[in-house]
Amino acid sequence: MPAKRKETTAHVHSPAIEDYLEQIHNLIEGKGYARVVDIAKNLGISQASVTNMIQKLDAEGFVVYERYRGVVLTDEGRKVGVEIARRHEVLTRLLAGFGLDPKTVHEDVEGMEHHISRRTLDVLTLLMEELEGNAVLMRKLRSKLERLG
Ligand code: ZN
């Protein structure tokens, strides 16, 4: 029996690890580097807790922590960070397209982004792209949603 391909399933890493790698990836994309102080601020966690977690992520091969350069992603860490950031974006665009309030979208996405497989994300991506390109259908769905109360 062929081995199950790990990368296509959800729940490969803990939500906490995924949140860190997503955050580190976003910081590096945006600022060029990720410092403990910024990770702590963005995740709303103390710097001491972040430092502990970074050491764990370093030991597990997801990041390399250098005192002066900050946190650098390994290939494996980047792969996870990119994937979670992609789930976050697709889910956010899909839900925001329906006009849901940003707080609800954010809270729901933060939960859902840890619990969908690659294939489900492909489905949601197709749906999002189709809806974003079809204003008539989007209006119809939004007014149906309104009527649900
Ligand atoms: Zn997220």
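What comes next is a walk through the structure. (Residues numbered from 1 in each chain as written. Predicted model: local features only at pLDDT ≥ 70, side-chain atom pairs only at ≥ 80, totals over all residues. Heavy atoms only, no water.)

Points about the layout of surface pockets
A probe as big as a water molecule, rolled over the atoms, marks out the empty space that is left. Applicable threshold: A cavity here means a set of 1 Å grid points, computed over protein atoms only, where a 1.4 Å probe fits but cannot escape. A pocket is an open set with protein on both sides within 12 Å along at least 5 of 7 lines, and lining residues have an atom within 4 Å of a point. Grid points are joined across faces, edges and corners, and a volume is the space filled by probe spheres set on the points. Strands here are runs of E lasting at least two residues and helices are runs of H or I lasting at least four, both read from the DSSP assignment and numbered beginning at the N terminus. Polarity classes work like this: nonpolar for Ala, Val, Leu, Ile, Met, Phe, Trp, Tyr, Cys and Pro, charged for Asp, Glu, Lys and Arg, and polar for all others, with Gly in that last group. Domains are outlined according to an automatic or database domain assignment.
For the second largest pocket, the calculated volume is near 170 Å³. Every residue lining the second largest pocket is listed: Asp-19, Glu-22, Gln-23, Asn-26, Asn-42, Leu-43, Ile-45, His-88, His-106 and Glu-110. Put simply, the parts of the chain that give the lining of the second largest pocket at least two residues each are helix H1 (15-31), helix H2 (36-43) and helix H5 (102-112). Per-element accounting of the lining of the second largest pocket gives the leading share, four residues, to H1. Residue composition of the lining of the second largest pocket, grouped by class: two nonpolar, five polar and three charged. Looking at which domains feed residues into the lining of the second largest pocket, each of domain 1 (15-78) and domain 2 (83-148) gives three or more.

Some details on the nonpolar core
Filter applied, for reference: Grouping buried Ala, Val, Leu, Ile, Met, Phe, Trp, Tyr and Cys residues that are joined through side-chain atoms within 4.5 Å yields what is termed a nonpolar core. The buried label applies to any residue whose accessible area, calculated with a 1.4 Å probe on protein chains only, is under 20% of its type's maximum; exposed applies above 50%, and partly exposed to all values in between. By definition, residues are in contact when any of their heavy atoms lie within 4.5 Å.
In this structure, Leu-21, Ile-24, Ile-39, Ile-54, Leu-57 and Val-63 are the most contacted members of the largest nonpolar core, which totals 19 residues. Secondary structure elements with two or more residues in this core: H1, H2, helix H3 (47-59), strand S2 (70-73) and helix H4 (75-96). Looking at this core element by element, the count peaks at five residues for H1. In this view, Ile-39 contacts Tyr-20, Ile-24, Leu-27, Ala-34, Val-50, Ile-54 and Val-71; residues no more than four positions away in its chain are not counted. With 12 residues, the next largest nonpolar core counts Val-90, Leu-94, Met-128 and Leu-131 among its residues.

Some remarks on the packing of H1 against H2
As a reminder of what qualifies: To define axes, lines are fitted to C-alpha atoms, for helices over the stretch in contact only, and angles between the resulting N-to-C directions are given on a 0 to 180 degree scale. The cut-offs work like this: below 35 degrees is roughly parallel, past 145 is roughly antiparallel, 65 to 115 is roughly perpendicular, and the gaps in between are oblique. A clockwise turn of the near helix away from the far one marks a right-handed crossing, whereas an anticlockwise turn of less than a right angle marks a left-handed crossing.
The geometry of H1 relative to H2 is characterised by a closest axis approach of 10 Å and an angle of 120 degrees between their N-to-C directions. Taken together, the axes of H1 and H2 lie oblique to each other. Read as a crossing pair, H1 and H2 show a hand that is right-handed. Here H1 contributes Asp-19, Tyr-20, Gln-23, Ile-24, Leu-27 and Lys-31 to the contact with H2, which in turn contributes Asp-38, Ile-39, Asn-42 and Leu-43. When grouped by side-chain class, the residues that make up the contact of H1 with H2 number five nonpolar, two polar and three charged.

Brief notes about the coordination of the zinc ion
Short version of the rule: A donor here means any N, O or S atom no more than 2.8 Å from the metal (3.2 Å for Na, K and Ca); water is not included, so a site may seem to lack partners. Between 85 and 135 degrees for all angles marks four donors as tetrahedral; over 155 degrees for opposite donors together with 65 to 115 for all other angles marks four donors as square planar and six as octahedral; every other arrangement is irregular.
The zinc ion binds to the protein through Glu-22 (OE), Glu-22 (OE), His-88 (ND1), Glu-110 (OE), Glu-113 (OE) and Glu-113 (OE); the donor distances cover 2.2 to 2.6 Å. If you look at the zinc ion, its six donor atoms make angles of 54 to 141 degrees with each other, and the shape they trace is irregular. We note that the donor set of the zinc ion lies within a single chain, spaced as E-x65-H-x21-E-x2-E.

Points about the pattern of salt bridges
Threshold: Each reported salt bridge corresponds to a side-chain nitrogen of Lys or Arg within 4 Å of a carboxyl oxygen of Asp or Glu.
By the definition in use, this model includes 12 salt bridges. A salt bridge links Asp-38 to Lys-31, with the shortest nitrogen-to-oxygen separation between them at 3.1 Å. Looking at Asp-38, the relative accessible area reads 8%, which means it is buried. Salt bridges sharing partners connect three or more residues here, namely Glu-83, Arg-86, Arg-87, Arg-118, Arg-119 and Asp-122.

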